[in-house]
Amino acid sequence: MKVFDANKLNDLAAALAAKGYRVIAPVQDGDVVRLAEWAPGAKIQPGVIPVNSAKDFLLPRSEVIGRYSLDGNDFTPQQVTPEAPKTVLLGVRPCDAMSLAALDTVFNWDYADEFYNARRAATTVVSLACASADDQCFCTSVGGRPDSTAGADAILRPADGAKRFIFDALSEKGQVIAAAAGDLLTEAVATVDAPADVPQRFDARTVTRWLADNFDSPLWKELSLTCLGCGACAYACPACHCFDIQDEATRTQGVRYRNWDTCGLGLFTLHASGHNPRPDQSARWRQRVMHKFCYFPQRFEMLACTGCGRCGRLCQAGLAMAEVCRRIDEASKVAK
Amino acid sequence: MSGMDALRSDAAKLLRDGAVKMVVGYRARGDQRVPAFLTDPDKADALTYDADCKQNLAAYLRKPEVRRHLPLAIVAPPNVCRSLVLLAAESQLVDGEVKVLAVGNGQYHGVLDVAGVAALLKEKYPDLAPSEELVRKIGELAAMSPERRGAFWMEQFERCTRCYACRAACPGCYCTRCIVEKNVPQWISTAAAPHGNYAWNIIRAFHLAGRCTLCGACEAACPQGLPLMLLNVRVAQDVEEEFGAKAGYDPAAKPVIGSWSPDDDDEYMR
Amino acid sequence: MTENVYQPTTMRIASARDEAPDVRTFRLEFTDEAARAKFFEKYRVGMFGLYGLPGAGESTFCVASPPTRTGYVECTFRKTGRVTAALHDREVGQTITYRGPYGNYFPIETWRGRNILFIAGGIALPPMRSVIWNVLDRREEFAKVAIVYGARTVADLVYKHELAEWGQRGDVQLTTTVDPGGETPDWKGKIGFVPTVLKELAPGSENCVAVVCGPPIMIKFTMPVLTDLCFKPADIYTTLENRMKCGIGKCGRCNVGSVYVCKDGPVFTLEQLNKLPQGDL
């Protein structure tokens, strides 16, 4: 098996950067660990789940999808080329890699989104199996595992008591990375460390079943009372992908942006007539849970949540998807 | 915090007596401190308060779903008390709607109404000021050239994702339609791009001029760790210097940016 | 490089007609022949498009002209917000952007030989107009055709000259109505809300398809009337509208339950509608 010393992660990043990859890795940024572009001097911090998700690099928070030149009353459309530098996501969690299946599906069913696809094609995903987990992690409740290889081109497995990593190439792209790493990777035998223990917190199938029958449950009002209607959870979520399209122009140029958006904000579904199908936070919060655990599975046979726990970690209002699902799981038992 | 038991018992009593329909406070969830909405007096023991409680619970007063439970009680440290006084000054609170379980300096100050809170602030917390660390950093920024300072802020704003957690967390942000949600014309770009982020964050700070009570809930809520207090405190400093006003002390104060006097200096316009 | 699915094509405004206060119809011609051919390869009645102006944005309207007329595309819209105001200001000869056609369509092939009952209210006649003309352009393929159309006031009736045309055809039974109080002294049509008028007319449901488009309140009261007249839910067609941005099933805005209005709609039967979460409409 191919192995390398655990303290050589930054060297690996450097080797890949030297081969022309934009290296995105979890780096220390002040008090937090953030998935960001690695540069010499940056410290990769594999032990802490980064505050942001891999989604940032496949579906940027704001990108240009149209351009025009304007001349008086006339306009001329211009070509827009997607920005898709050769990228390696080095050391992303399996929960981030697993969410790519949902993004790949939405951006390709029927119409193919070339902006997403260009970046997806240019990206190699190297996961890092989790050696530790916290209270908010719940990958095992949604069909994932701390050492899952779903969505990954290669996976780094902590081994020999966190002293080394085993490099497992899972696809051609992964093998290219192995080759690019050169003699950083040596042939040796190592014992893979046990992955993190992530206890199951709820039964996702029960949740999906309950949701299909409980659109009008009073639980929505209760759960959503604390929600203040911002987009922090949706934007940190690796599976959330909803977006807005906005035009901005001067007298001579126009730009059409695609920006992140969220069903949690009031304007998302507001009609020009003033009618809003989801007029209050309880309806909007219900949509969030339904979309991830009921509608998306009905449509695409997969959940739109991978249990990364970021929503629970950063919501100031105290909401966490794991806790909501646990409450629903409980509610479904009471009903029986 | 000393007096925690008294706070819990007061909360339970207010509910039992029907003086309030709900107590909005904090509870612990592991290491986190999260909002608690208490309607059952027997569950008052779940309430807690310590320095890790960063949310400004006065923000919940803009939610119709919470207002349905008026009159209610709110657990409030000094800067949140100031928010309540501000809301009263801006006619967002009617006398008697809100009781305050005031805390501060490791103590519980008892159940007060808004007038009582104003008196408490005047007596025990008259000089609430930002931390020395913040003041020092702002001083450093002020000493920079405009170009360097601009570059500093652009670097910060690049991380902004326009999630509006800052707005959601702030009790002063209660407009039913925020300026960023108006599109005829679109005053502020909604793109999470440098130009849009710059406009949004600066304008929010301006809309809070003379209104920010320095609670820090916005910065605590920001998932990207933007140093929003550097902005808000700087604006508050300017307001104090130019207008002698500090938000949230006087329930009858007129809004600084909303009022005008013939004596106002108009030199800057010449 | 593959096609940018968000890139619109350009259309020129060939003519414009004011239907009602703030309501205008554009007749649009493609500036690119290849785009026109591609459009008509795909277009069936019921499909919608995103009409826009760089700098203002895009807005969703149905295509109001039938695929039997391949020289142009028509749309009718009310000036309501930022984009519609910008479109409303465009003049004949100027250009706008267009993306589409998107969505599903009315399965008129399955209506051949059947009676068709069209019911519309106010600004909702445009989505139905394309179906009506598609049927009338192929009149001999269908059995009886009846149209019931109403608006708040006489001024709010759209396509007035076409209403006159339909009324004068021997092979269409047209009933127009205005809300009580909306009539003018020389109004010759009925006076009453559309559902009320429909109930009075009591059209037969035997071998009949009903197509209903209107404001939510009209739909709410019309559906029970049709049910009482024994129309089957699978034979009642309507269109759903929701706020849209991408139009192609990605941005998530138009979802109702697991359905994407832009892909599974905008055409739905009542049977399909009844399966959706009613509180999400």
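Residues numbered from 1 in each chain as written. Chains lettered and ligands numbered in written order. Predicted model: local features only at pLDDT ≥ 70, side-chain atom pairs only at ≥ 80, totals over all residues.

*Asks:* When you look at the overall build of chain C in this model, what are you seeing that I'm missing?
*Replies:* Scanning chain C from N- to C-terminus turns up 8 helices and 15 strands. In terms of overall dimensions, chain C is globule-like: its C-alpha atoms have a radius of gyration of 18 Å, near the 19 Å expected for 281 residues. Across its three principal directions, the C-alpha atoms of chain C cover 55 × 45 × 40 Å. Put simply, chain C has 281 residues, and 50% of those count as buried. (Helix = DSSP H or I, 4+ residues; strand = E, 2+ residues; numbered from the N terminus. Rg over C-alpha atoms; globule rule 2.2 N^0.38 Å. Buried ≥ 20, exposed ≤ 12 C-beta atoms within 10 Å, placed from the backbone.)

*Asks:* Teacher, can you tell me more about unusual backbone geometry here?
*Replies:* Excluding glycine, residues mostly have negative phi values, and the peptide bonds linking residues are mostly trans. All names here are of chain B. Of note, the amide linkage connecting L70 to P71 takes the cis form, showing an omega dihedral of -5°. Along the chain, P71 turns up in the loop between helix 2 (64–67) and strand 4 (72–76). Positioned with a positive phi, S91 is a non-glycine residue whose angle comes to about 65°. Tracing the backbone shows S91 in the loop between helix 3 (78–89) and strand 5 (98–104). Look at S91 and you get exposed, because 7 C-beta atoms sit within 10 Å.

*Asks:* What is the right way to read the interface of chain A and chain C from this model?
*Replies:* Accessible area lost when the parts come together is the quantity often used to give the size of an interface. If you look at the interface, chain A gives 38 residues, while chain C gives 32 residues. Of all the elements in the fold, those that place two or more residues in the side of chain A that touches chain C are strand 4 (62–71), strand 5 (74–78), strand 11 (243–249) and helix 8 (281–300) of chain A. Take the side of chain A that touches chain C: its biggest share by element is 6 residues, from strand 11 of chain A. Among the residues forming the side of chain A that touches chain C, the class breakdown is 22 nonpolar, 8 polar and 8 charged. (Contact = placed C-beta atoms within 7 Å. Nonpolar A, V, L, I, M, F, W, Y, C, P; charged D, E, K, R; others polar.)

*Asks:* Before we go on, may I ask you to explain the domain arrangement of chain C in this structure?
*Replies:* Residues and elements named next belong to chain C. Annotation of chain C at the domain level lists domain 1 (9–102) and domain 2 (108–239). Taking only C-alpha atoms, the centre of domain 1 and the centre of domain 2 are 24 Å apart. Across the contact, 15 residues belong to domain 1 and 17 residues belong to domain 2. Looking at the side of domain 1 that touches domain 2, the elements with two or more residues in it are strand 1 (9–20) and strand 5 (73–78). Of the residues belonging to the side of domain 1 that touches domain 2, the class tally is 9 nonpolar, 4 polar and 2 charged. (Domains from an automatic or database assignment.)

*Asks:* Looking at this structure, I do not really get the domain arrangement of chain B. What am I missing?
*Replies:* Residues and elements named next belong to chain B. Split by domain assignment, chain B resolves into domain 1 (4–124) and domain 2 (132–243). Contact residues are listed per partner, giving 14 residues for domain 1 and 12 residues for domain 2. For the side of domain 1 that touches domain 2, the per-class residue count stands at 6 nonpolar, 5 polar and 3 charged.

*Asks:* Mind showing me how you'd approach the sheet that holds strand 7 (residues 115–121) of chain C here?
*Replies:* The strands making up a sheet associate through hydrogen bonds between their backbones, and the pairing can be parallel or antiparallel. All names here are of chain C. Judged by pairing direction, the sheet is mixed, and its 7 strands sit side by side in the order 10-9-8-7-11-12-15 without closing on themselves. Strands at the two margins of the open sheet, each flanked by one partner only, are strand 10 (190–191) and strand 15 (267–269). With 3 bridges connecting them, strand 12 (residues 236–239) and strand 15 associate as antiparallel partners. Bridging across to strand 15, T238 finds its partner in F268. Strands in contact with helix 6 (residues 216–228) are strand 7, strand 11 (208–213) and strand 12; relative to strand 11, the strand with the most contacts, it is inclined by about 165°. (Pairing = 2+ DSSP bridges. Axes fitted to C-alpha atoms, helices over the stretch in contact; angles between N-to-C directions.)

*Asks:* Looking at this model, I keep getting lost on the sheet that holds strand 6 (residues 87–92) of chain A. Mind explaining?
*Replies:* Residue and element names in this part refer to chain A. In spatial order, the strands read 3-2-6-7-8-9-1-10; together these 8 strands make up an open sheet with mixed pairing. A single partner strand is all that each edge strand has here, and the edge strands are strand 3 (32–37) and strand 10 (186–187). When strand 2 (residues 22–29) meets strand 6, the two strands line up parallel, connected through 3 bridges. Within the sheet, the bridge partner assigned to I24 lies in strand 6 and is L89.

*Asks:* Explain the packing of helix 1 (residues 9–18) of chain A against helix 4 (residues 172–181) of chain A here, please?
*Replies:* Packed helix pairs are characterised by how far apart their axes lie and by the angle those axes make with each other. All names here are of chain A. For the pair helix 1 and helix 4, interaxial distance at closest approach is 9 Å and the crossing angle is 100°. Classified by the interaxial angle, the pair formed by helix 1 and helix 4 is roughly perpendicular. Counted together, L12, A15 and L16 of helix 1 and I177, A180 and A181 of helix 4 form the full contact between these two elements. Of the residues in the contact of helix 1 with helix 4, the class split is 6 nonpolar, no polar and no charged. (Parallel < 35°, antiparallel > 145°, perpendicular 65-115°, else oblique.)

*Asks:* Looking at this structure, how should I read the nonpolar core?
*Replies:* Generally speaking, soluble globular proteins have nonpolar side chains that are buried together. Among the nonpolar cores identified, the biggest contains 263 residues, and I74(B), A76(B), L84(B), A210(C) and V211(C) are the most heavily contacted of them. Looking at this core, the element that brings in the most residues is helix 3 of chain B, giving 8 residues. Apart from residues lying up to four places away in sequence, I74(B) is in contact with V24(B), L57(B), A58(B), V98(B), V100(B) and L101(B). (Core = buried A, V, L, I, M, F, W, Y, C linked by C-beta atoms within 7 Å.)

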